[in-house]
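Spelled out from the first residue to the last, the chains are:
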Amino acid sequence: MLTGEKFQTTMPSAYDHSQIEQKVYEVWERSGIFTPKIDWSRKPFTIVIPPPNVTGELHNGHSFQVAFEDLMIRWRRMQGIPALWLPGTDHAGIATQNVVERELAKQGKTRSDLGREAFEQMVWDWREKYGGIILQQLRRLGASCDWSRERFTMDSMLSRAVREAFVRLYNKGLIYQGNYIVNWCPRCSSAISDLEVDHEETEGKLYYVRYRLADEAGRHSDQFVTVATTRPETILGDTGVAVHPDDERYKALVGRRAILPAIRRLIPIIADPAVDPKFGTGAVKVTPAHDPNDFDIGQRAGLPIVVAMDEAARMNQEAGPYAGLDRYECRRRLVADLERDGLLVKIEPHTHAVGHCQRCNTVIEPLLSKQWFVKIKPLAEPASEAVRNGSIHFVPERFTKIYFNWMENIRDWCISRQLWWGHRIPVWYCDDCGEMTVAIADPTNCSHCGSANIQQDPDVLDTWFSSGLWPFSTLGWPDDSEDLRYFYPTSVMETGYDIIFFWVARMIMLGIEFTGQPPFRVVYLHGLLRDAKGEKMSKSKGNVVNPLDLIAKYGADALRFTIVTGGSPGQDQKMSDSRLEGSRNFANKLWNAARFVLMTVGDDRPAAVDPADLGVTERWILSRANRTVEDVTRLMEDYQFGEAGRIIYDFAWGEFCDWYLELAKIRLQDGSDRTRQAVHHTLLSVLETILRLLHPFMPFVTEAIWGHLPNRNGLLVVANWPVAGPTDSPAEEEIGQVVEVVRAIRNVRAEFRVPAGSAVAAIVVAGDRAPRLESNRPAIERLARTSPLTIVGGLAQRPTEAFHLLAGVAEVYLPFTGMIDLAKERERTAVEIEQTRQKIARVEERLSSDGFVNKAPAEVVERERGRLAELNEQVAKLIARAEALG
């Protein structure tokens with residue numbers, strides 16, 4: 001049994017997260033409780049962390065991951081299940097190489113100046129110095145990872161797994177080398193996947209260009225065909241013009257040839273169903289080497305391929321007089337020349353999505369390139385079936401349809417990258433016989449002719465290739481390790497819905513291919529974090545929030561609780577200071593409640609209590625605690641963590657702190673030792689239950705309070721998850737009615753600003769419930785500040801001037817006399833009604849204006865509509881008050 005620790009010798013009057021959180025985490029980590037013991041008699045619960053980039057610092061995505069993944073791990077650990085949360089980092093090929101190259105640029109050098117070996121060593125040195133920062137920051141959030149199993153995607157064990165996977169897929173015919181259009185980043189000098197391209201809506205231009213038609217002998221004619229393009233510089237690589245086969249405007253031109261401007265190359269006019277007759281003129285230029293759709297059209301028509309641009313996005317010798325120019329300078333000069341020659345018809349503004357490299361924001365260039373590819377269809381089919389037959393379940397389920405749609409339209413995966421940092425492709429080319437050797441271990445000779453003159457492929461693998469192996473390579477695959485046998489398949493993959501295709505789908509495909517089993521049973525997808533206005537956070541907007549700043553200000557518990565309770569699975573949520581303050585206030589409320597309990601109970605744990613000594617208030621709160629345990633456990637099993645957190649909050653703050661603590665004070669005035677013992681026992685028991693339930697959500701404050709409980713051995717992090725006991729419906733009904741009556745009276749007091757120390761008269765008509773309310777008279781009188789209080793069971797005559805309230809099944813009358821100045825309140829209410837109606841009229845006038853609705857930002861319009869709804873609700877309440885005032 002672990003020894004409990006007090007993280008402060010006495011409980012301060014207020015909870016200060018900055019003085020507690022680091023101390024608590026150090027105790028957890030020293031204790032070794034994050035490392036699960038393999039117990040073959042028990043099924044484990046396993047999560048592998050989505051590996052953060054080694055370049056990175058904590059960001060909002062990591063906050064979500066820790067909040068949800070740590071919640072699941074802590075909960076299962078408290079259930080006595082061997083729970084493994086395996087941490088690690090990703091080498092992040094492009095991102096890391098960019099970071100180190102920027103450091104080199106400060107010295108006026110490039111990677112080529114160093115050479116490959118020296119550059120790779122520089123990256124390793126950089127990783128050793130900075131690579132662990134993100135893992136320390138994850139600790140700041142309370143991540144209870146098994147740090148003894150920490151992995152890095154380029155560890156020797158994982159690197160071996162990557163080579164094993166490549167060779168197996170190659171030998172199976174699922175990896176091949178070929179020429180294809182790839183997304184090329186001129187800045188990173190590498191191919192990038194479709195999923196690493198951010199398409200940004202851009203205000204561009206649409207250029208209408210005349211292509212002169214040729215006669216049968218190939219000479220100029222007086223006829224033209226006009227095409228429209230957003231990238232005039234690619235004209236230099238055109239090898240055809242295409243029209244839709246059903247487009248009557250161009251049927252007579254199909255089969256003829258056009259003369260390419262500037263280059264004067266003869267190119268055919270072809271028909272292809274992929275052409276959109278509504279785009280531009282309905283005739284499109286075909287550039288097979290510089291557009292993926294054009295590549296497909298060119299393949300179908302047998303068009304030649306002309307590469308007119310190099311990997312640095314500069315025009316090559318195929319560009320004729322424009323050779324050596326940057327793509328944008330070429331565009332400028334070519335457009336000027338077309339205009340000079342009378343071939344530029346017009347230029348129109350055109351908004352379209354332009355692809356940008358996700359890493360450096362450079363405009364990507366579709367480019368024909370020789371790359372390594374994975375045949376995806378044979379891998380996608382079993383991966384789809386695993387979801388279809390229920391072996392893998394998506395939470396929320398709506399993402400299943402999105403997953404299937406992508407898998408059914410999947411294209412082969414380009415896995416080679418023109419980088420120096422990463423897993424180098426395990427292929428060697430023979431200088432003598434020209435054959436390839438594909439091997440797991442570095443060969444010394446060609447496997448075909450035995451020559452020693454072999455050179456390894458210079459490219460590295462896409463980072464997502466190694467990440468796709470993460471759930472099983474981290475556990476020892478391809479070896480039959482004990483960890484792999486026990487902890488695989490993992491239980492849950494928790495990540496953002498925005499990387500279903502980047503990562504989740506690839507893990508499923510590769511997991512089934514190499515292990516025969518899906519890599520996880522559940523995919524839990526969280527949403528994106530937005531700012532208080534609902535806008536997506538981005539550096540360009542200046543609305544990015546640094547989680548470390550939020551932790552410093554509000555505490556890790558507040559940030560985690562805000563995230564978990566902020567919405568439903570897969571739903572985006574807004575982050576605001578008010579929500580974070582609310583969560584921080586909850587931690588403080590719990591701290592203060594615990595201080596009251598401990599000051600009341602003292603240092604010794606109360607002895608067991610005879611159930612007969614429990615009053616109705618004790619039976620009520622114990623029953624409510626048991627119902628809360630039952631509801632929270634059910635919701636957790638159903639992955640409804642947000643709703644579970646909200647139920648804990650409502651019980652802890654609303655029922656325990658706001659009601660039972662006040663009721664307990666009244667009970668303690670009884671003076672009976674048996675009553676006090678019953679109250680002390682109940683206070684401590686319910687507080688312990690709240691701490692156990694809340695620990696996965698807010699681990700630091702709950703652990704800190706737990707350390708102060710009397711005669712408490714062991715840490716809360718390994719305490720048992722509470723089990724629901726019996727409920728007591730009669731007690732819940734009785735105290736529930738008391739709460740309704742008190743709340744109704746308090747609301748009227750607050751609305752009419754009755755001084756807290758002033759008592760008000762009250763008549764409660766409760767029918768057959770009157771005796772039970774009568775037995776709780778002291779509680780009603782004290783909590784509602786009522787005197788005299790009349791409780792009757794039969795009909796009662798309503799006072800001439802009194803508020804009439806419904807409180808559950810009871811009716812409450814509060815005479816005006818002695819409580820308010822009736823004439824003054826009528827006048828004040830009438831004024832408020834008129835002022836509110838004037839506000840409603842102004843908002844309605846604004847919303848009825850087409851100019852406002854159509855021109856104002858959508859969020860502004862929506863905010864005004866929300867304000868109108870609030871004002872209408874407010875005026876309805878004022879009218880009800882006026883009616884109550886007669």
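Located above this text is the structure these notes cover.
Calculation notes
Residues numbered from 1 in each chain as written. Predicted model: local features only at pLDDT ≥ 70, side-chain atom pairs only at ≥ 80, totals over all residues. Heavy atoms only, no water. Helix = DSSP H or I, 4+ residues; strand = E, 2+ residues; numbered from the N terminus. Buried < 20%, exposed > 50% of the residue type's maximum accessible area, 1.4 Å probe, protein only. Contact = heavy atoms within 4.5 Å. Pairing = 2+ DSSP bridges. Axes fitted to C-alpha atoms, helices over the stretch in contact; angles between N-to-C directions. Core = buried A, V, L, I, M, F, W, Y, C linked by side-chain atoms within 4.5 Å. Parallel < 35°, antiparallel > 145°, perpendicular 65-115°, else oblique. Left-handed = near helix turned anticlockwise from the far one by under 90°. Expected span 1.5 Å × (residues − 1).

Asker: Before we go on, may I ask you to explain the environment of glycine 527 in this structure?
Answerer: Looking at where glycine 527 falls in the secondary structure, it is placed in the loop between strand S23 (520-526) and strand S24 (529-530). The class of glycine 527 is buried, set by a relative accessible area of 4%. Residues glycine 527 and glycine 496 lie 31 residues apart in sequence; the distance between their C-alpha atoms is 5.9 Å. Excluding anything up to four places from it in sequence, glycine 527 contacts Phe64, Tyr497, Gly570, Gln571 and Asp572.

Asker: What is the right way to look at the sheet that holds strand S28 (residues 802-807) in this model?
Answerer: By definition, the strands of a sheet pair up through backbone hydrogen bonds, in either a parallel or an antiparallel sense. Spatially, S27-S26-S29-S28 is the arrangement adopted by the 4 strands of the open sheet, whose pairing is mixed. Bordering the open sheet on either side are strand S27 (786-792) and S28, each of which pairs with just one other strand. This sheet shows a mean twist of 20° between the axes of neighbouring strands, independent of strand direction. Judged from the 6 bridges that link them, S28 and strand S29 (residues 810-815) form a sheet pairing that is antiparallel. Its bridge partner lying in S29, alanine 807 is registered against alanine 810. Packing of helix H23 (residues 729-751) onto the sheet brings it into contact with strand S26 (760-765), S27, S28 and S29, and relative to S28 it is tilted by some 145°.

Asker: Help me understand the environment of proline 36 in this model?
Answerer: Relative to the elements of secondary structure, proline 36 occurs in the loop between helix H1 (17-31) and strand S1 (45-48). Measuring from C-alpha to C-alpha, the distance between proline 36 and isoleucine 551 comes to 28 Å, with 515 residues separating the pair along the chain. Setting aside residues up to four positions removed in sequence, proline 36 forms contacts with Pro82, Ala83, Leu84, Asp146, Arg149 and Phe487.

Asker: Would you take a moment to explain the nonpolar core for this structure?
Answerer: Proteins that are soluble and globular tend to have nonpolar side chains buried together. Counting 200 residues, the largest nonpolar core has Phe166, Tyr403, Phe465, Phe656, Phe697 and Phe803 as its most contacted members. Excluding anything up to four places from it in sequence, phenylalanine 803 contacts Val748, Phe752, Val812, Tyr813, Leu814, Phe816, Met819, Ile820, Ala884 and Leu885. One finds Tyr207, Val241, Leu260 and Cys330 within the second-largest nonpolar core, a separate group that totals 30 residues.

Asker: I keep staring at the packing of helix H10 (residues 377-388) against helix H11 (residues 399-408) and nothing clicks. Help me out?
Answerer: What describes two packed helices is the angle between their axes and the distance between those same axes. Put simply, H10 and H11 touch, their axes get as near as 10 Å, and they point 160° apart. Taken as axis vectors, H10 and H11 run roughly antiparallel relative to one another. Both H10 and H11 take part in a crossing whose hand is left-handed. Between H10 and H11, the contacting residues are Lys377, Ala380, Ala383, Ser384, Val387 and Arg388 on the first element and Thr400, Tyr403, Phe404, Met407 and Glu408 on the second.

Asker: What exactly am I supposed to notice about the pairing of S1 here?
Answerer: For a regular strand, side chains alternate in direction, first toward one face of the sheet and then toward the other. Of the two faces of S1, the one holding Phe45 and Ile47 and the one holding Thr46 and Val48 are both buried throughout. For S1 and strand S2 (residues 83-86), the ladder comprises 4 bridges, and the chain directions are parallel. Residue pairing for S2: valine 48 is matched across the bridge by leucine 86.

Asker: How should helix H28 (residues 858-884) be read in this particular structure?
Answerer: Each α-helix winds once per 3.6 residues, and so residues spaced three or four apart point in a common direction. Counted at 1.5 Å a residue, the expected span for H28 with its 27 residues is 39 Å, and the 40 Å between its end C-alpha atoms agrees. All buried positions along H28 are accounted for by Val861, Glu864, Leu868, Leu871, Val875, Leu878 and Arg881.

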